[in-house]
There are 2 protein chains.
Amino acid sequence: MNHQPISEDQDATSILQTEVSQAVQQLTEVEGEEQAEVFSEILTEAESGTVAILLESLPLDERYERWQQVEPEERVDVLNLMRADPRLGILKKMPDEELDFLFAQISPEDLIDWSDSLPDSITDRALAQMGERQRKHFELYDQYDENEIGRYADHQMLVLNPDSTVAQGQRFFRRIDLDCNDHLFLVDTNDKYLGTVRRYDLYKADSQALLSTLIWPDSRVISADLSLIEAAEAIEHSRELEFPVVDEHGILIGRMTLRTATALVREHYESQLMATAGMDEDDDLFAPITVGARRRAVWLGINLLTAFLASATIGLFEDVLSQVVALAVLMPIVASMGGIAGSQSLTLMIRGMAMGQISAGNVFSLMKNELGIGALNGTLWAVIIGLIAGWWFNDVIMGLIIGCAILINMAIAAIAGVMVPMLLQKLNQDAALSGSVILTTVTDVVGFFTFLGLATLLYL
Amino acid sequence: MNHQPISEDQDATSILQTEVSQAVQQLTEVEGEEQAEVFSEILTEAESGTVAILLESLPLDERYERWQQVEPEERVDVLNLMRADPRLGILKKMPDEELDFLFAQISPEDLIDWSDSLPDSITDRALAQMGERQRKHFELYDQYDENEIGRYADHQMLVLNPDSTVAQGQRFFRRIDLDCNDHLFLVDTNDKYLGTVRRYDLYKADSQALLSTLIWPDSRVISADLSLIEAAEAIEHSRELEFPVVDEHGILIGRMTLRTATALVREHYESQLMATAGMDEDDDLFAPITVGARRRAVWLGINLLTAFLASATIGLFEDVLSQVVALAVLMPIVASMGGIAGSQSLTLMIRGMAMGQISAGNVFSLMKNELGIGALNGTLWAVIIGLIAGWWFNDVIMGLIIGCAILINMAIAAIAGVMVPMLLQKLNQDAALSGSVILTTVTDVVGFFTFLGLATLLYL
C-alpha cells in the first residue's frame with residue numbers, strides 16, 4: 001500500500017514543483033550519455049506532466065535527443081502537456097513515419113488543441129490518419145474559434161435518452177470511470193439536449209423509473225460560443241463538476257469539467273502575466289534565437305515609438321536644459337514616480353474590470369478616490385523630493401519646480417490610470433496588454449513637459 | 001424546467017462577468033432610495049458571489065448602506081466571497097449585536113480564512129460565540145500559517161473506520177451530498193489516516209465486504225505543511241477530486257478539493273499580477289484614501305531610491321550634458337529599450353522558475369540563449385536608433401554613441417534578466433515582486449552610464 005504524503009520533504013509521486021526542480025537539476029547537470037541514463041531512469045517513474053516539463057527545460061538539441069527516449073505510446077500524452085511552441089519544435093523535427101504512428105493515437109480533442117499552432121500541412125497529415133467518426137468530431141469542434149469553449153469541449157461523457165431507466169443510468173456510472181463526472185446528460189435521437197440527471201439523485205430513485213422523471217430542475221448548460229474564461233468562471237463558481245456544452249440549435253456537443261476550468265484559469269492568468277512584457281504564454285524557454293528575437297522585436301518597436309515621444313517632449317526644452325544641467329539629472333525621477341503611481345491605479349482597474357466591477361456609474365467615484373490617493377502621495381513625495389533636490393543642487397527654485405512637477409504628474413497619473421483602461425475597453429482592446437505602455441507614455445510626456453516647462457518659465 | 005444556456009447573450013443564473021457587469025451598471029447609475037430598490041430586486045435573484053462583487057464595486061458609504069439590506073442569514077456567505085479588505089471594512093462598521101448574530105453562524109473554516117486579516121479583538125469575539133468542538137477545529141487549523149494548506153483544510157468529509165462494510169460506505173454517499181466528493185477516508189480510533197476507498201470501487205464490491213479490503217493502492221495524501229500553491233498543483237495535475245490532508249503524526253485533519261485548488265490558483269496569480277505594481281490581492285477597489293495612500297507609498301519610496309540611483313549616474317556626466325544637450329534628449333531611449341528587453345528575459349525566467357524548470361544546470365544555456373536574442377535585437381535596434389538619432393541631430397558621432405549604448409545595454413539587460421531572478425531565488429525573495437524594480441535599476445544605471453560615458457570619451 002502506498003499512501004506517501006505529498007510534502008516538500010518527502011519523495012512524492014505527484015507533479016510537485018520541488019520534485020520537478022530536483023529532476024530538472026539532476027538532468028541538466030549532466031550531458032550526453034550520462035544525461036540519457038538519468039533520463040531513462042526518470043522515465044520509468046515520472047508522470048507525463050513531469051516529462052513534459054523536463055523536456056521544456058532542456059536546450060533544443062538536448063531536448064530532441066531526450067525526446068527520442070520517450071516510448072512511442074507515451075508521446076501523445078507528453079506532447080499534450082507541453083506548451084505550443086516546444087511541442088511544435090519537436091513535431092517539426094520528427095520523421096514522417098514517427099509522425100504517422102503518433103497521429104494514429106491522437107484524439108480529435110488533442111488535435112484541436114495542437115492545431116491552434118500547427119501548420120496546416122501537419123494538421124492535414126494527422127487528419128488523414130483519423131477514422132471518419134473522429135474526423136467528424138474534429139470538424140465539429142473546429143467550427144469554433146480559439147477563444148470559444150465549444151472548441152475544447154470533451155466528448156467523453158455519459159449520454160442516455162430520457163426513456164432509459166434508472167438502472168441503466170446506474171450501470172453507466174458503475175462501468176465508466178470518467179474524471180469530474182457526476183451527471184448523466186439526456187438527449188433525443190437528434191442529440192438535442194433535454195436535461196441533466198445527477199448521480200446523487202439516481203441512487204435514491206426506484207430502479208425502474210424513467211430518467212426523464214429525474215431531470216434536475218436547476219441544471220444549466222454552457223453555450224458553445226461562450227469565451228473560455230467565462231465558461232471556466234461559470235463552473236468554478238457553481239457547485240457542479242461538469243456542465244453540458246450545447247450549440248446554437250441546442251445540440252449537445254460535449255462537456256466542460258472543473259479540471260478543464262482550472263487549467264483555463266491558469267492559462268488565462270499566465271498569458272496576462274506574459275503579456276505585461278509583450279510575450280506569449282506559448283513561448284518556449286529555449287526558443288531558437290531568431291524566432292525569439294523576432295517575436296520580442298515587435299514589443300521593443302512599440303516601446304521605441306513611445307520612447308521617441310518622450311524624447312521629442314524633452315527636445316522642446318533644449319534651451320533651458322543647456323543652461324541648467326541639473327534638470328537633465330533630475331528629470332527621470334519625475335517620469336518614474338508618475339509611471340509607478342499610474343501603474344498602481346491601472347493594476348487596480350484591470351483587476352476590477354476582469355471581475356466586471358467597473359462601470360460608467362462608478363468610474364467617477366473611482367476617479368475621485370484615485371485622485372485623492374494621488375494627491376496625498378503626490379504631496380508627500382513632492383515635499384520629500386523637493387527638499388532633497390533643493391539641498392542637492394543648493395537651489396530652492398529647483399526644489400520648488402520638481403515638487404510641483406511631481407505633484408502634477410502623480411495626479412495626472414491617477415486620472416490616466418483610470419481613463420486609459422476604460423478607453424481601451426471601449427475600443428475592445430486588452431488593457432492588460434497595452435495599458436501599461438500607453439500609461440507610461442502619458443506619464444513620461446506629462447512628467448517631462450511639466451518639469452521642463454516650469455523650469456523654462458522660472459529660469460529663462 | 002430551467003436549463004437556460006449560460007451564454008453572453010442570455011439571462012443566465014450563474015456568476016458570469018457580463019451578468020455581473022450589467023448588475024454593476026444598473027446599481028451604480030442610480031443613488032439613494034432608487035439604488036436601494038434596484039439592490040433589493042437584485043438580492044432576490046443573485047447568488048452570494050454576485051452580491052459580494054456588487055458590494056465591492058460601490059464606494060464605502062453606499063457599500064455599507066446596501067450591506068444593511070442583505071438578509072442576516074446570507075451575510076456570512078456574502079462576506080466569505082469578498083476580499084479581505086472590503087470585508088474588514090464592513091465588519092468594523094457593524095454594531096456589536098449584529099456581529100454576534102453573524103458569528104453565531106460562522107464555521108471554523110470561515111473564521112480561519114477571515115482571521116488572516118482580522119484584528120484579534122474581532123476574532124476573539126467570534127471565538128466566544130463558537131461551541132467547544134468548533135473552537136477546537138479552529139485551533140487545529142490555526143497551528144498552520146497562512147501559506148500552509150493545513151490552515152484551509154475542509155473538515156466536511158466522509159470518514160469511516162476500516163471495519164465498516166461496503167453497504168455502510170454506500171449509504172454515506174447516498175445520504176451526504178458534498179462538493180467534489182468521490183472518496184471515503186478510513187481512520188483508526190485516534191483519527192490516524194489508514195487509506196482511501198473510491199466510490200467507484202464501492203459500487204462494484206460485495207455489500208458485506210469490509211472497507212479495509214477496498215483500500216485504493218494508488219491513494220495519496222497531502223501534508224498539512226505543504227504550501228498552498230503546491231497543494232493546488234498536486235490536485236490539479238492528478239485525476240482526483242479531493243486529497244486527504246494529514247498532519248506530521250499521520251492524523252487526518254481534513255480534505256482539500258479540486259474546487260479549492262482552482263480558487264488557490266486564481267488567488268496565486270492575482271497576487272502575482274498585483275505584486276508587479278507593489279500591490280496586494282486583498283486591496284479594496286475603494287480603499288479609504290489614507291489607507292490606500294499609505295500602502296502605495298512604500299512601493300513609491302522604493303522606486304524613488306532606485307530613481308535617485310539613476311539620477312546620480314547622470315549626475316556624474318554634467319560636463320558633457322552641459323555641452324551636448326542632445327544627450328539629455330536621447331538618454332531616456334537607451335534606458336527604456338534596456339528596461340523592456342530585460343523585462344522580457346525576466347518574465348520568461350519567472351514563469352520557468354514557477355514551473356521548477358530553472359536550475360544551476362541549465363541556467364548557463366539559458367543565459368547563452370537570452371544573450372543571443374539580446375545581441376540580435378540589440379544590433380537591429382542599435383542600427384535603427386543610431387540612424388534616426390544621427391539624422392535628427394545631424395551628427396554621425398551621436399548616432400554611433402547611441403547605437404553602441406543600446407547594444408551594450410540590451411546585452412546587459414539579457415544577462416540581468418537571467419541573473420536577477422536567480423539571485424533573488426537564492427536569497428529566498430519573490431522574483432515576481434522585486435525582480436522588475438531591481439532589473440530596471442540595472443538597465444537605467446547601465447544605460448545612462450554607457451551612453452553618457454561614451455559621449456564623454458568622444459565629445460570632451
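Computed from a predicted structure; not experimentally measured.

A. Expanded view of the overall build of chain A. The number of helices and strands found in chain A is 20 helices and seven strands. Seen through its C-alpha atoms, chain A measures out along the principal axes to roughly 95 × 60 × 45 Å. Expressed as a percentage of its 460 residues, the buried residues of chain A come to 59%. As displayed, chain A has an accessible area near 18,800 Å², and 54% of this comes from carbon and sulfur atoms. Charge separation in chain A, taken as the distance between the mean sites of 30 positive and 68 negative side-chain charges, equals 7 Å.

B. Seen up close, the relation of the copies chain B and chain A. Superposing chain B onto chain A requires a rotation of 180° together with a translation of 0.0 Å along the rotation axis, leaving an RMSD of 0.1 Å. Between the two chains, the operation in question is that of a two-fold axis. The overlap is high: 100% of the interface residues of chain B also sit at the interface in chain A, so the same surface is used on both sides.

C. Inspection of the domain arrangement of chain A at higher detail. Under the domain assignment used here, chain A contains domain 1 (17–147), domain 2 (159–259) and domain 3 (289–459). The straight-line distance from the C-alpha centre of domain 2 of chain A to that of domain 3 of chain A is 52 Å.

D. Highlighting the interface of chain B and chain A. Each partner contributes to the interface: chain B provides 150 residues, whereas chain A provides 151 residues. Carbon and sulfur atoms make up 61% of the area that chain B and chain A hide from each other, which totals about 13,300 Å². On the chain B side of the contact with chain A, Arg266, Leu285 and Arg351 of chain B bury the most area, a combined 6% of that side's loss. The interface formed by chain B and chain A holds 10 salt bridges in total. Among the salt bridges present, the one from Arg266 of chain B reaches Glu236 of chain A, with a minimum N-O distance of 2.8 Å. At the boundary of chain B and chain A, one finds 49 residue pairs in polar contact (both at pLDDT 80 or more). The biggest single contributor to the side of chain B that touches chain A is helix α17 (residues 326–354) of chain B, with 18 residues. Looking at side-chain class alone, the side of chain B that touches chain A contains 75 nonpolar, 43 polar and 32 charged residues.

E. Main features of the confidence of the model for chain A. Per-residue pLDDT for chain A averages 91, and the proportion of residues at 70 or more is 96%. Confidence drops under a pLDDT of 50 for residues 8–15 of chain A, and excluding neighbours within four residues, the segment shows 24 contacts in the predicted structure.

F. Layout of the sheet that holds strand β4 (residues 193–198) of chain A. All names here are of chain A. Within the open sheet, the three strands sit side by side as β2-β3-β4. Their pairing is mixed. A single partner strand is all that each edge strand has here, and the edge strands are β2 (159–160) and β4. As paired elements, strand β3 (residues 183–187) and β4 share five bridges and run antiparallel to each other. Residue pairing in the sheet places Leu186 in a bridge with Gly195 of β4.

G. Structural detail: the nonpolar core. Within the largest apolar cluster, 120 residues are counted, with the highest numbers of intra-cluster contacts made by Met256 of chain A together with Met256 of chain B. For Met256 of chain B, the contacting residues outside a window of four places in its chain are Ile149, Ile222, Ala231, Ala232, Ile235, Leu241, Glu242, Phe243, Val245, Ala261 and Leu264 of chain B. Formed by 84 residues, the second largest nonpolar core is a distinct cluster that contains Ala310, Ile314 and Ala389 of chain A together with Ala307 of chain B.

H. Broad picture of the sheet that holds strand β2 (residues 159–160) of chain B. Residues and elements named next belong to chain B. Spatially, β2-β3-β4 is the arrangement adopted by the three strands of the open sheet, whose pairing is mixed. Only two strands of the sheet have a single neighbouring strand rather than two, namely β2 and β4 (193–198). By the bridge criterion, two bridges tie β2 to strand β3 (residues 183–187) in an arrangement that is parallel. Residue pairing across strands places Val159 opposite Phe185, the latter belonging to β3.

I. Structural view of the packing of helix α14 (residues 258–275) of chain A against α17 of chain B. Close contact between α14 of chain A and α17 of chain B brings their axes to 9 Å; oriented N to C, the two are set at 155°. What the angle tells us is that α14 of chain A and α17 of chain B run roughly antiparallel. Touching Glu270, Leu273 and Met274 of chain A of α14 of chain A are Thr347, Leu348 and Arg351 of chain B, all from α17 of chain B. Its residues assigned to classes, the contact of α14 of chain A with α17 of chain B comprises three nonpolar, one polar and two charged.

J. Representation of helix α8 (residues 108–115) of chain B. All names here are of chain B. With seven of eight residues buried, α8 is to be regarded as a mostly interior element. Every buried residue of α8 is accounted for by Pro108, Glu109, Asp110, Leu111, Ile112, Trp114 and Ser115. Elements in contact with the buried residues of α8: α5 (75–80), α6 (84–93), α7 (96–103), α9 (120–129) and α10 (132–142).

Conventions and cut-offs
- Residues numbered from 1 in each chain as written.
- Chains lettered and ligands numbered in written order.
- Predicted model: local features only at pLDDT ≥ 70, side-chain atom pairs only at ≥ 80, totals over all residues.
- Heavy atoms only, no water.
- Helix = DSSP H or I, 4+ residues; strand = E, 2+ residues; numbered from the N terminus.
- Buried < 20%, exposed > 50% of the residue type's maximum accessible area, 1.4 Å probe, protein only.
- Areas by Shrake-Rupley, 256 points an atom, 1.4 Å probe, with all protein chains shown as cover.
- Lys, Arg positive; Asp, Glu negative; His and termini not counted.
- Charge placed at Lys NZ, Arg CZ, Asp CG, Glu CD.
- Least-squares fit on C-alpha atoms with pLDDT ≥ 70 in both.
- Contact = heavy atoms within 4.5 Å.
- Domains from an automatic or database assignment.
- Buried area = accessible area lost by both parts, 1.4 Å probe.
- Salt bridge = Lys/Arg side-chain N within 4 Å of Asp/Glu carboxyl O.
- Polar contact = N/O pair within 3.5 Å; in protein donor to acceptor, adjacent residues only side chain to side chain.
- Nonpolar A, V, L, I, M, F, W, Y, C, P; charged D, E, K, R; others polar.
- pLDDT = per-residue confidence, 0-100.
- Pairing = 2+ DSSP bridges.
- Core = buried A, V, L, I, M, F, W, Y, C linked by side-chain atoms within 4.5 Å.
- Axes fitted to C-alpha atoms, helices over the stretch in contact; angles between N-to-C directions.
- Parallel < 35°, antiparallel > 145°, perpendicular 65-115°, else oblique.

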